[in-house]
Amino acid sequence: MEPWNTFVEGDNLDVLPRLTPTYGPFDVVYLDPPYNTGNPFVYDDKVDGRRADRHRTWTALMRPRLEAVREVMSERGAVFVSIDDNEVAHLRLLMDEVFGEGRFVAQVVVNLNPKGRQLGRGFATSHEYLLVYARSLPTCALDASSRSLVDPRDFPLTTEDGRRYRRLPLRNTNKKFNPVTAPTMHFAIYGDPGTGQVSTEPFPGALEIKPVFGDGGPAVWRWSAAKIDAQPDDLVCRWVGTAERRRADVFQRDWLHEGRRKKLRTIWLAEEIGSTDTAVVELKSLVGHLFESPKPTGLLRRILETMPDDARVLDPFAGSGTAGHAVALQNAADGGRRTCLSVNAPEPVRPGSNADLAGYARVSDVTRARLRAVAEVVGGGFEELALDS
Ligand SMILES: C[S@@+](CC[C@H](N)C(=O)[O-])C[C@H]1O[C@@H](n2cnc3c(N)ncnc32)[C@H](O)[C@@H]1O
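About the thresholds
- Residues numbered from 1 in each chain as written.
- Predicted model: local features only at pLDDT ≥ 70, side-chain atom pairs only at ≥ 80, totals over all residues.
- Helix = DSSP H or I, 4+ residues; strand = E, 2+ residues; numbered from the N terminus.
- Expected span 1.5 Å × (residues − 1).
- Buried ≥ 20, exposed ≤ 12 C-beta atoms within 10 Å, placed from the backbone.
- Contact = placed C-beta atoms within 7 Å.
- Near = placed C-beta within 6 Å.
- Core = buried A, V, L, I, M, F, W, Y, C linked by C-beta atoms within 7 Å.
- Pairing = 2+ DSSP bridges.
- Axes fitted to C-alpha atoms, helices over the stretch in contact; angles between N-to-C directions.
- Parallel < 35°, antiparallel > 145°, perpendicular 65-115°, else oblique.
- Nonpolar A, V, L, I, M, F, W, Y, C, P; charged D, E, K, R; others polar.
- Arc of directions from axis to C-beta.

1. Notes on helix H10 (residues 363–377)
The end-to-end C-alpha distance of H10, which contains 15 residues, comes to 21 Å, matching closely the 21 Å that a straight helix rising 1.5 Å per residue would cover. Every buried residue belonging to H10 is among Val-363, Ser-364, Val-366, Thr-367, Arg-368, Arg-370, Leu-371 and Val-374, and all of these are buried. Contacts from the buried residues of H10 go to strand E1 (5–9), helix H6 (276–286), helix H8 (322–334), strand E17 (339–344), helix H9 (354–357) and strand E18 (382–384).

See the structure below:
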């Protein structure tokens, strides 16, 4: 069986074209490139110190790498790129060029520093971004929803046979939809608020019910008559209003079923996905505090949840190997068969950094150490791939 985690040491620009057909194509590509904060290894920002040159140099670094990523992606694939304010505007335009503006899926705000950055002037920045693009929009497998966000407390009602649900009004509460704009959805249905039974045909004990807004104005239903007749168990009739001024209304029983998902918003909070601080704790417990700004596995797991559970994942800027860790955790949690290929350059660690003091010479040594530890602690195996030179 293929190991969940594989590592290749090298410059991703060199590695990516040599991966397929053996290792590709990839369904999820997560990129966490060096942010443009002055790391001399990846780009030379000392051209003349001007910001415009810094952007140009950074874009020149990224363009061929994004093109290489596009070439190794599957038709159902999506690419997720972490970025902060320094380059988000340039990256967005670059992604539009490389992937196509029409393949843009979302620009997510990721709240990785909930306390906010206290250094320097101005606002206490507490977020960065995740740009999401599809390789091909019509065939992309991305489902922008999550199972872990579903809160059972949102489903406070229980049927006699123990099924949990919540009640949603069957009438369309959006005023844009009314008998003028949606005439076929304005019709009478029949319900018994005593038994709860609902039908599109009259029956003994039933009251005729038409959809109305809170102010009494005519509204429309959300379900067609055919759907109402096909799913009577999913509807319930009950009294609403006060004892003196009550009327019968119809509600959908929205079930808390196995595998239920909730649509993801475009702001991801640290309390849901973790923060840079919690990411450091995760890394520490596995191999030590060997990397400055790792991403939390929760961010990656949320990304993974939007894609099929047999996704082939690629992380070309692996750093401390968070994507590989998240793949193992997610497989262990849901029985998925995802695999992750992590790539990192043999960049020397910063002199005096924790990694240096712990005896690691290169960042790729840190990636390797974490992925090995993941295989030991979480499982799924680990393999290092040496590409023929
Ligand atoms: C921002 S860090 C990634 C952090 C990672 N997501 C994590 O959670 O630990 C970027 C990484 O990309 C690596 N890198 C930079 N340029 C690279 C290149 N051309 N090819 C491969 N890796 C590269 C750096 O060594 C660094 O580890």
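Let's pick the thread back up.
2. Points about the site of the ligand
The ligand sits among 18 residues. The nearest are Asp-32, Phe-317, Gly-319, Ser-320 and Thr-322. Secondary-structure elements contributing two or more residues to the shell around the ligand are helix H1 (12–15) and E17.

3. Points about the nonpolar core
One finds Val-28, Val-29, Tyr-30, Ala-78, Val-79, Leu-131 and Val-313 to be the most contacted residues of the largest nonpolar core, which totals 60 residues. Contact partners of Val-28, with chain neighbours within four places excluded, come to Gly-77, Ala-78, Ile-303, Leu-304, Met-307, Ala-311 and Val-313. Ranked by size, the runner-up nonpolar core spans 13 residues in total, among them Ile-209, Ala-219, Val-220 and Val-250.

4. Structural notes on the pairing of strand E16 (residues 312–315)
The alternating pattern of E16 places Arg-312 and Leu-314 on one face and Val-313 and Asp-315 on the opposite face, and all of these are buried. When strand E2 (residues 26–31) meets E16, the two strands line up parallel, connected through two bridges. Across the sheet, residue Val-29 finds its bridge partner in E16, namely Leu-314. Sheet topology note: the E16/E17 ladder contains four bridges and is parallel. Note on E17: the bridge partner recorded for Asp-315 is Ser-342.

5. Notes on the environment of Pro-156
One can find Pro-156 in the loop between strand E6 (145–146) and strand E7 (157–158). Once the C-alpha coordinates of Pro-156 and Arg-166 are considered, the two residues, 10 residues apart in sequence, prove to be 6.1 Å apart.

6. Remarks on the packing of H8 against H10
In a pair of packed helices, the angle between the axes and the distance between the axes together describe the arrangement. Put simply, H8 and H10 touch, their axes get as near as 9 Å, and they point 10° apart. Here H10 runs roughly parallel to H8, going by the angle between their axes. On H10, the residues touching Gly-324, His-325 and Ala-328 of H8 are Arg-370, Leu-371 and Val-374. Across the contact of H8 with H10, the residue classes tally to three nonpolar, two polar and one charged.

7. What about unusual backbone geometry?
The peptide bond linking Gly-24 to Pro-25 adopts the cis configuration, its omega dihedral lying at -15°. Structurally, Pro-25 is set in the loop between H1 and E2.

8. Some remarks on the sheet that holds strand E10 (residues 198–199)
Spatial strand order, E10-E9-E11: three strands in an open sheet with antiparallel pairing. Sheet topology places E10 and strand E11 (207–209) at the edges, where each strand pairs with a single neighbour. For strand E9 (residues 189–191) and E10, the ladder comprises two bridges, and the chain directions are antiparallel. Its bridge partner being in E10, Gly-191 is matched across the sheet by Val-198.

9. Structural notes on the pairing of strand E13 (residues 246–255)
Judged from the five bridges that link them, strand E8 (residues 164–169) and E13 form a sheet pairing that is antiparallel. Within the sheet, the bridge partner assigned to Arg-167 lies in E13 and is Arg-253. Here seven bridges tie strand E12 (residues 235–241) to E13, and the two strands are oriented antiparallel to one another. Bridge pairing in E13 links Val-240 to Arg-247. Counting the residues that bridge the hairpin from E12 to E13 gives four residues.

10. Observations regarding the sheet that holds E2
Judged by pairing direction, the sheet is mixed, and its nine strands sit side by side in the order E15-E4-E5-E3-E2-E16-E17-E1-E18 without closing on themselves. Two strands in the sheet have a free side with no partner beyond their single neighbour: strand E15 (267–268) and E18. In the packing of H8 onto the sheet, the strands contacted are E1, E2, E16 and E17, and the crossing angle to E17 comes to about 165°.

11. Remarks on H6
Inspection of H6 places Ala-279, Glu-282, Leu-283 and Leu-286 among the buried residues, and these make up the whole buried set. Projection of H6 onto a plane perpendicular to its axis shows the buried side chains occupying an angular sector of 95°, all on one side. In this structure, the buried side of H6 is in contact with helix H7 (297–305), H8 and H10. Count one or two residues on from H6 and you reach Gly-288, which has phi positive near 110°.

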